[in-house]
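# Descriptive structure summary
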Amino acid sequence: MASETPPEAFSGVLNENLPASESWVMVPERISCEIQKCQEMCKALEADRLCLEEGRRESEREAARQQAAAALLRGQLQQLKEEARAEVFQEQPELGSEKRSQLLQQKAALESELQQLERLQLPQVLPAPPERSVVFRGHTEEKVEKPLLDTLSIEPRIRYPLPGGTALVTFETPKVAQRVIALQEHRVQLDEGTFVQVKAEPVELLMPVSLEVVLEQSPRQVLLSGLQFPSLPKERLPDKLALFFSKRQHLGGEVEDVQQLSGPGHVLLTFVEDKVAERLIERGQFQVTIGKETSAVKVSPHLDGKISDLLLRPVVCPRTVLLSGIPDVLNEELMREALEIHFQKPSKGGGEVEAVAYVPPGQRGLAVFEQEEGGTVCLS
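Residues numbered from 1 in each chain as written. Predicted model: local features only at pLDDT ≥ 70, side-chain atom pairs only at ≥ 80, totals over all residues. Heavy atoms only, no water.

Across its full length, the chain carries eight helices and 11 strands. Total accessible area on the chain stands at roughly 25,600 Å², and carbon and sulfur atoms take up 52% of it. (Helix = DSSP H or I, 4+ residues; strand = E, 2+ residues; numbered from the N terminus. Areas by Shrake-Rupley, 256 points an atom, 1.4 Å probe, with all protein chains shown as cover.)

And the structure:
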């Protein structure tokens, strides 16, 4: 009969398999030590985060103080300018040359301090737009202008010149375009016994990756919207609006220019004097009567955008190929069909073709790429 193994013998086997430096008693201690180290690291990171957050808040408070100081200085400067006018000196002859000199010195000191504060303030700029992939969709119809919206958006519109004897081919997948470019030279069959040699290259566009635009409100221009005069001829509308907004009873002034914008019912008015636009914007709404028709017209400020910083980089269209060296042997439609048939064949390195645009020799074309739904850029 086999003897039973005592429990002490089983424990002894386990202890013999463990290294002397790694007993079962020490394992929880090492885990506790690692947890403590991680906790200390988290505390240090949290302290750094709080320090950075406090720095950001302090920067915002300092910017607010600078703006308040600048506004105060502007008010003081305006007051000094009014006191220093020639009319004031004429009406108050008791002011001597010493008092006049003192006022002029204070004015110069305030102007210098105001310029320093304005240099410290950063202009408001738009954030840099995200990177966009570029693809040629093959549409060549004329662009339909969109109506103006109440929001400001940036859409890239890239003009790509096409010389004569070139074509743009867009495939459904980037792999096909890469194969066509890798082969470089292609022998395209036009009819039985007639072939042309074309060269395939990638399409490179200069894409904005960083853009900053400073917006400034125009002091002499206003934007009119909501104009609805269906019976009035379009060419007569500028004169009627110039007449209406030139009258003092409508808070207007002398009109320098009237420009009809692409959006329906939108007009840009430019006045000779600066303060006219400010008065109209403050009121906001006008009931404009022309003939027997009356329309509620909204007056809004006109913003001028100036690019302060622009960074471009070359971007390769993943699905579009540029073909060059196409001779003038067929008309435009037949050549486009021949190119599409050739690059549709997998045996020629091609695949499913989405669009083809061809410019015959002796002519010039301009492909316009702009953003579409989904963030890609296509030809308008």
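Next comes the rest of the account.
Okay, a nonpolar patch on the surface next. Together, Leu206, Ile307, Leu310 and Leu312 make up an exposed nonpolar region whose accessible area comes to about 380 Å². Per-element tally for the nonpolar patch: the top contributor is strand E8 (residues 293-324), with three residues. Structurally, isoleucine 307 is set in strand E8. Overall, the relative accessible area of 56% leaves isoleucine 307 in the exposed class. (Patch = residues over 30% accessible without salt bridge, like charges linked within 9 Å, V, L, I, M, F, W, Y side chains within 5 Å. Salt bridge = Lys/Arg side-chain N within 4 Å of Asp/Glu carboxyl O. Buried < 20%, exposed > 50% of the residue type's maximum accessible area, 1.4 Å probe, protein only.)

Before going further, it helps to examine helix H7 (residues 275-283). For an α-helix, 3.6 residues make a turn, and residues three or four places apart therefore share a direction. Those residues of H7 that fall on the buried side of the exposure criterion are Val276, Ala277 and Leu280. Angular distribution of buried residues about the axis of H7 spans 95°; they occupy a single face of the element. Counted as exposed and oriented over 90 degrees from the buried face of H7: Lys275, Glu278 and Glu282. Buried residues in H7 make contact with strand E4 (194-225), strand E6 (267-271), strand E7 (285-290) and E8. Looking one or two residues beyond H7, the residue adopting positive phi is glycine 284, at roughly 90°. (Arc of directions from axis to C-beta. Contact = heavy atoms within 4.5 Å.)

We now examine the pattern of salt bridges. As enumerated under the stated definition, the model contains 11 salt bridges in all. A salt bridge links glutamate 53 to arginine 56; its shortest N-O distance comes to 2.4 Å. Placement of both glutamate 53 and arginine 56 in helix H2 (residues 27-83) is noted, with a separation of three residues, approximately one turn of the helix. One connected set of salt bridges, linked through shared partners, spans Glu54, Glu58, Arg61, Glu62 and Arg65.

This brings us to the confidence of the model for the chain. Residues of the chain with pLDDT of at least 70 account for 74%, and the chain-wide mean is 76. In the model of the chain, helix H1 (residues 7-17) stands out as the element of lowest mean pLDDT, 39, in contrast to helix H5 (residues 174-183), which has the highest, 92. Predicted confidence for residues 140-144 stays below pLDDT 50, and this span has five contacts to residues more than four positions away or in other chains. (pLDDT = per-residue confidence, 0-100.)

Structurally, threonine 166 is set in strand E2 (residues 166-171). Given the relative accessible area of 5%, threonine 166 is considered buried. Engagement of the side chain of threonine 166 in a polar contact is seen with the backbone oxygen of proline 163, the distance being 2.6 Å. Contacts of threonine 166, omitting those with residues within four sequence positions, involve Leu322, Leu323, Ser324, Ile326, Ala357, Tyr358 and Val359. (Polar contact = N/O pair within 3.5 Å; in protein donor to acceptor, adjacent residues only side chain to side chain.)

Time to look at the nonpolar core. Core analysis: the biggest nonpolar cluster contains 23 residues, and Leu224, Phe245 and Val288 have the highest contact counts within it. When residues in this core are grouped by element, the largest group, four residues, is from helix H6 (residues 237-244). The contacts of valine 288, once residues within four sequence positions are left out, are Phe229, Leu241, Phe244, Phe245, Glu293, Thr294, Ser295 and Val297. Counting residues in hydrophobic clusters, the runner-up holds 21 residues, among them Ala167, Leu190, Ala200 and Leu323. (Core = buried A, V, L, I, M, F, W, Y, C linked by side-chain atoms within 4.5 Å.)

Relative to the helices and strands, threonine 173 is located in the loop between E2 and H5. Threonine 173 sits in the partly exposed class, given a relative accessible area of 37%. Along the primary structure threonine 173 and glutamate 354 are separated by 181 residues, whereas in three dimensions their C-alpha atoms are 9.4 Å apart.

For the rest of this paragraph, the subject is the pairing of strand E9 (residues 353-359). Two faces make up the sheet, and in a regular strand the side chains alternate between them. Counting buried residues in E9 gives six out of seven residues, a clear majority hidden from the surface. Pairing between E2 and E9: six bridges, direction antiparallel. Bridge pairing links alanine 167 to tyrosine 358 in E9. (Pairing = 2+ DSSP bridges.)

Taken together, the side chains of Glu172, Glu333, Glu337, Glu340 and Glu352 present a region of like negative charge at the surface. Relative to the helices and strands, glutamate 340 is located in helix H8 (residues 332-343). Residue glutamate 340 is classed as partly exposed on the basis of its relative accessible area of 35%. (Lys, Arg positive; Asp, Glu negative; His and termini not counted. Charge placed at Lys NZ, Arg CZ, Asp CG, Glu CD.)

Within the fold, lysine 107 resides in helix H4 (residues 97-120). Under the relative-accessibility criterion, lysine 107 is labelled partly exposed at 24%. As for lysine 107 and lysine 81, which are separated by 26 residues in sequence, their C-alpha atoms are 7.4 Å apart. Not counting residues up to four positions away in its chain, the partners in contact with lysine 107 are Leu77, Leu80 and Lys81.

Between its terminal C-alpha atoms H8 stretches 17 Å, which fits the 16 Å expected from 12 residues at 1.5 Å a residue. Of all the residues in H8, the buried ones are Met335, Ala338, Leu339, His342 and Phe343. Buried residues of H8 fall within an arc of 115° about the axis and therefore sit on the same side. Turned more than 90 degrees away from the buried face of H8, the exposed residues are Glu333 and Ile341. Check the buried side of H8 and you find it contacts E2, H5, strand E3 (185-191), E4, E8 and E9. (Expected span 1.5 Å × (residues − 1).)

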